[in-house]
Amino acid sequence: MPYENDHTEIYRPFTIDRERNYTLNDIPAGPDGIYPFILDLDGTEIKFACEKTILDRFQDQDGQWRFNIKWEVNTINHPPLKNVNDNDIENHISEALTAFGEKHNTSRIGDIVVKIHPHARQNKWHWS
Amino acid sequence: MNKVSDKYIEQLEKAHGSIAMTLGVLKAVEQGQYIPSENLIQSAKSMSATVHPSKKDHIKGYIFASGKVNRLKNIGYQSYTAELTQSSLQLASIADTQATQFIEEGTFIAHLARSLDAENSPFTESDIMHGYIQSDQSRALGIWDHYSAQYAANATGHAVTVTPNSDPERVFVKSELPVLLAYQKLETMNGKPFELFLDYKTALENAGYKGPELYQIIDKDLVQGTSIEYMRSFSKGFQKSLEVPVKHDFNKTFSDDINVLYKEAGNDRSYQNTDTEFENTITTPAH
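What counts, and at which threshold
Residues numbered from 1 in each chain as written. Chains lettered and ligands numbered in written order. Predicted model: local features only at pLDDT ≥ 70, side-chain atom pairs only at ≥ 80, totals over all residues. Heavy atoms only, no water. Helix = DSSP H or I, 4+ residues; strand = E, 2+ residues; numbered from the N terminus. Buried < 20%, exposed > 50% of the residue type's maximum accessible area, 1.4 Å probe, protein only. Contact = heavy atoms within 4.5 Å. Areas by Shrake-Rupley, 256 points an atom, 1.4 Å probe, with all protein chains shown as cover. Arc of directions from axis to C-beta. Buried area = accessible area lost by both parts, 1.4 Å probe. Salt bridge = Lys/Arg side-chain N within 4 Å of Asp/Glu carboxyl O. Pairing = 2+ DSSP bridges. pLDDT = per-residue confidence, 0-100.

Caption draft 1: Here's a closer look at the overall build of chain A. Helix and strand counts for chain A stand at 1 helix and 6 strands. For chain A, with 128 residues in total, the buried portion stands at 46%. Looking at chain A alone, contacts between residues at least 24 apart form 50% of all its contacts between residues at least 6 apart. Looking at chain A as shown, the accessible area adds up to about 6500 Å², and 44% of this sits on carbon and sulfur atoms.

Following this line, the structure appears as structure tokens:
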């Protein structure tokens, strides 16, 4: 089951099944450019909101425009996770966002970098 | 990926300003086809960014926001704008517009991403929505700028800004503040009579300031400080989030009563005492 999505191609939600079972539900970004997501990671709900920065835009050897993207997580909220550190969570988020990008914009996503801001756990989650 | 037939583009043009009709056209486009991004953008711009009439009759003012409350800790304004909208102040935000509903529904963004991909555009859907930094380091305007300017043009009554550290290149300073000052429909901003802001603009213009720099100065000198002052009074958590010492101590120059928002603006003329000070602090720009 590589992806689940509705037929309208609206961004939310979808499930990927690689090594872990992910469901990523995106909450539409408003004018502030903050992108909130809810990631279901093996049954644990990780709510995070991030800012998207295009680190690099370049044309590949076929002349196709591609984008390397940094997602800085400025708010994150989740129950305690055993044996999972911030790097692990960054990797899970990166994998989910990569699949998300591949689904919707297959040829255009280059590298994705995810970084959790040190204060992200203290910031309030207020998206529905 | 193939471009849709002209029939779809004609239908999209006919759907001008109607969310239901526009979504109907977008959802009828078959997989493997795309609508040119130029047509999509025109369609998005036709959506109304004024507060819905059913809500407009029940509100007393409008919220504007930009930048971080605390840059080091990456604390955004969102929890404070949410607090304002849920308060008894009866304030509207841009989320109360059809334009926001249209974008947040999701179909448009999905189509825009598909079109930009098909056209091999060097821009992403974020660039189109939020603008992008140009070679001269200024930001090209996005669709949100278009909506925000329309939202500001229709703002009346009392404005509250959550802009303690507004970015001069973002939507508030570039697209909303100039329109608010041009249309002059507000009674107060951040609890201060709106004439205060208009007078300062006039003083700066007389001193030779113009264009983006004019609004950056007004924002930095007046709007940021009054925003901090107002929001500190409104929300206990704001000062804690702000953390850093307040940059502008307006209590020295303005009335101590920072809850002036819903008082008669015309009764508070304390700001007049500062006019001379404004004139004295303006220097002729070195051009």
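Caption draft 2: Spatial organisation of helix H1 (residues 6-14) of chain B. Residue and element names in this part refer to chain B. Every buried residue belonging to H1 is among Tyr 8, Ile 9 and Leu 12, and all of these are buried. Seen end-on, H1 carries its buried residues on one side only, within an arc spanning 100°. Among the exposed residues of H1, those pointing more than 90 degrees away from its buried face are Asp 6, Glu 13 and Lys 14.

Caption draft 3: Inspection of the interface of chain B and chain A at higher detail. Every contact between the two is made by 32 residues of chain B and, on the other side, 35 residues of chain A. Both sides together, the interface formed by chain B and chain A hides about 2800 Å², and carbon and sulfur atoms give 45% of it. The three residues of chain B that bury the most area against chain A are B:Asn74, B:Gln78 and B:Asn120, which together make up 19% of that side's buried surface. For the pair chain B and chain A, the interface holds 2 salt bridges. Here B:Asp127 makes a salt bridge to A:Arg57, at a shortest N to O gap of 2.7 Å. Elements that contribute at least two residues to the side of chain B that touches chain A include exactly helix H5 (78-86), helix H6 (98-105), helix H7 (107-118) and helix H8 (125-130) of chain B. When residues of the side of chain B that touches chain A are assigned to their parent elements, the largest contribution, 7 residues, is made by H7(B).

Caption draft 4: Structural detail: the pairing of strand S3 (residues 34-41) of chain A. Residue and element names in this part refer to chain A. Here S3 lies mainly inside the structure; 7 of its 8 residues are buried. One ladder, built from 5 bridges, connects strand S2 (residues 21-26) with S3; its direction is antiparallel. Residue pairing for S3: Thr 23 is matched across the bridge by Asp 40. Bridging between S3 and strand S4 (residues 44-59) involves 8 bridges; their strand directions are antiparallel. Bridge assignment links Phe 37 to a residue of S4, and that residue is Phe 48. Turn length for the S3-S4 hairpin, with the two strands adjacent in sequence and antiparallel, is 2 residues, and the turn residue Asp 42 shows positive phi of about 50°.

Caption draft 5: Focus on the confidence of the model for chain A. Residues and elements named next belong to chain A. For chain A, per-residue confidence averages 81 on the pLDDT scale, and residues scoring 70 or more make up 79% of the total. Of all the helices and strands in chain A, strand S1 (residues 14-17) carries the lowest mean pLDDT, 60, while strand S5 (residues 65-77) carries the highest, 94. Confidence drops under a pLDDT of 50 for residues 1-11, and excluding neighbours within four residues, the segment shows 38 contacts in the predicted structure.

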